[in-house]
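# Examination of the molecular architecture
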Protein chains: 2
Amino acid sequence: MSAPTPLGHAVVDLLGLVALGELLAFERMAADARLAPDLRRRAALSEMAAAEMVNYRRLADRLGALGVLPDDAMAVYVEPLQAYHDSTEPRDWAEAVTKAYVGDTITDDFLREIASALREPDRQLVLDVLHESRYAEFAAAEIRAAISADPKVAGRLSMWARRLVGEALSQAGRVAAADRGALTTLIAQGEQIDVAELFRRLTAAHTARMAAAGLNN
Amino acid sequence: MSAPTPLGHAVVDLLGLVALGELLAFERMAADARLAPDLRRRAALSEMAAAEMVNYRRLADRLGALGVLPDDAMAVYVEPLQAYHDSTEPRDWAEAVTKAYVGDTITDDFLREIASALREPDRQLVLDVLHESRYAEFAAAEIRAAISADPKVAGRLSMWARRLVGEALSQAGRVAAADRGALTTLIAQGEQIDVAELFRRLTAAHTARMAAAGLNN
């Protein structure tokens, strides 16, 4: 293992990771919007995608203020994040909204925990760019509607959600290996962060969300 | 030919056309951003795409205030606008920025002319959602950079630009046929609009833009 990086480095790395996450989430949602069954939902997902770029701009501006080119802060994460999206390309609208619901909310929960170790203004910035709850509500309502139209869909989407979590965990390991220890530094830094307890909370929230959308964990 | 629709209908039709144009431009730019040679340009085009959705929201809100569902106002234009984008899918970054430059600016010029026939607040709304000039400047700079890196590219991009204009004109005919006479009504309504003169102005502006980006008309 490499030596822990200074906290300054860790902040830049984390902001780069979150910024790239926004950029790729934008691309994915914009592409998935074409799977929407009607113009209303196509526009709704496109608007959510556009909101990611507003967040991206805030993170890029903050990196600029810290004297770092956004590209430099993001570059190291391109491969694992792109690999996650390439390995989990939705085949239809129901899979697309499930991916948005499962993937983005568990990532947000994780970032919310890590952000508690940051100093201001970065702490508030990361909290601000997490997805609004109306976004998860839209996705959950779409999943419930798909299941209510065809109950067999629940099994397929539940399996899909488990695959998403598996791929996300697998790529999270590559992110941790790629980032010069940023997340480890932050987790070690945060006095309130107990890693076992963190995973217990993330898992419990994920399980509750799956149930709320009519999916089996 | 069908009888001219009332001006109210024409306004709704035009707002629907512009709204769908924003939505599809968003989708196209978001997809084309993946062709970018680096993260900086990928993010730049993605941010421009996101700005289209802010415009879309303004148009959709105005349609809602007029008592019309955005989907209903847009539906009739889906086929010709989608056909334009499907028939002009860029193969690389240079073609993508040329499409943004040639297609969006000529469309904007046309809408700017038509908008002069609208009453407020719709007149100002349509003028507001036209692309900012920084957008055309970014695209023109990218085209010039591609040509300067490889002068042979100028011929290929010039041919591509002519094809874009041809496809746009062909689909514009289908738009006019689809829209219950909205554009015809507005053009007839606008006292200052002389159709032959309008096309002369559009062509002159297009020719000047091609030259500015190093392309041959």
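In this text, all values refer to a predicted model and were calculated from it rather than measured experimentally. (Residues numbered from 1 in each chain as written. Chains lettered and ligands numbered in written order. Predicted model: local features only at pLDDT ≥ 70, side-chain atom pairs only at ≥ 80, totals over all residues. Heavy atoms only, no water.)

This paragraph deals with the overall build of chain A. Across its full length, chain A carries ten helices and zero strands. Within the span of chain A, comprising 217 residues, buried residues form 52% of the whole. By sequence separation, contacts in chain A at least 24 residues apart represent 82% of the contacts at least 6 residues apart. Surface accessibility of chain A: about 9,700 Å² in total, with carbon and sulfur atoms responsible for 58%. (Helix = DSSP H or I, 4+ residues; strand = E, 2+ residues; numbered from the N terminus. Buried < 20%, exposed > 50% of the residue type's maximum accessible area, 1.4 Å probe, protein only. Contact = heavy atoms within 4.5 Å. Areas by Shrake-Rupley, 256 points an atom, 1.4 Å probe, with all protein chains shown as cover.)

Enumeration according to the criterion identifies 36 salt bridges over all chains in this entry. Of the charged contacts in the structure, one is a salt bridge between Arg-41 of chain A and Asp-38 of chain A, with a shortest N-O distance of 3.1 Å. Look at Asp-38 of chain A and you get partly exposed, because its relative accessible area is 25%. Measuring nitrogen to oxygen at the nearest pair gives 2.6 Å for the salt bridge that ties Glu-27 of chain B to Arg-42 of chain A. Taken together, the residues Glu-27 of chain B in helix α1 (residues 7-32) and Arg-42 of chain A in helix α2 (residues 39-65) connect one chain to another. With respect to class, Glu-27 of chain B is no different from Arg-42 of chain A; both count as buried. (Salt bridge = Lys/Arg side-chain N within 4 Å of Asp/Glu carboxyl O.)

The subject of this paragraph is unusual backbone geometry. Between Glu-120 of chain A and the following residue, Pro-121 of chain A, the backbone shows a cis peptide bond with an omega angle of 5 degrees. You can see Pro-121 of chain A is positioned in the loop between α5 (93-115) and α6 (122-129).

Attention now moves to the environment of Asp-38 of chain B. Locating Asp-38 of chain B in the fold gives a position in the loop between α1 and α2 (39-65). A distance of 2.8 Å separates the side chain of Asp-38 of chain B from the backbone nitrogen of Arg-41 of chain B, its partner in a polar contact. (Polar contact = N/O pair within 3.5 Å; in protein donor to acceptor, adjacent residues only side chain to side chain.)

With that settled, the discussion passes to the relation of the copies chain A and chain B. Here chain A sits on chain B after a turn of 180 degrees about the axis and a move of 0.0 Å along it, with an RMSD of 0.0 Å. Considering both components of the superposition, the chain copies are consistent with a two-fold axis. Minimal C-alpha distance to the rotation axis in chain A is attained by Ala-50 of chain A, lying at 2.1 Å. Comparing interface residues between copies, 100% of those in chain A also lie at the interface in chain B; the contact surface is shared. (Least-squares fit on C-alpha atoms with pLDDT ≥ 70 in both.)

Residues and elements named next belong to chain B. Its place among the elements puts Arg-209 in helix α10 (residues 195-212). Using a relative accessible area of 14% as the deciding quantity, one classes Arg-209 as buried. A polar side-chain atom of Arg-209 sits 2.8 Å from a polar atom in the side chain of Asp-109.

By themselves, these figures tell us nothing about what the structure is for.
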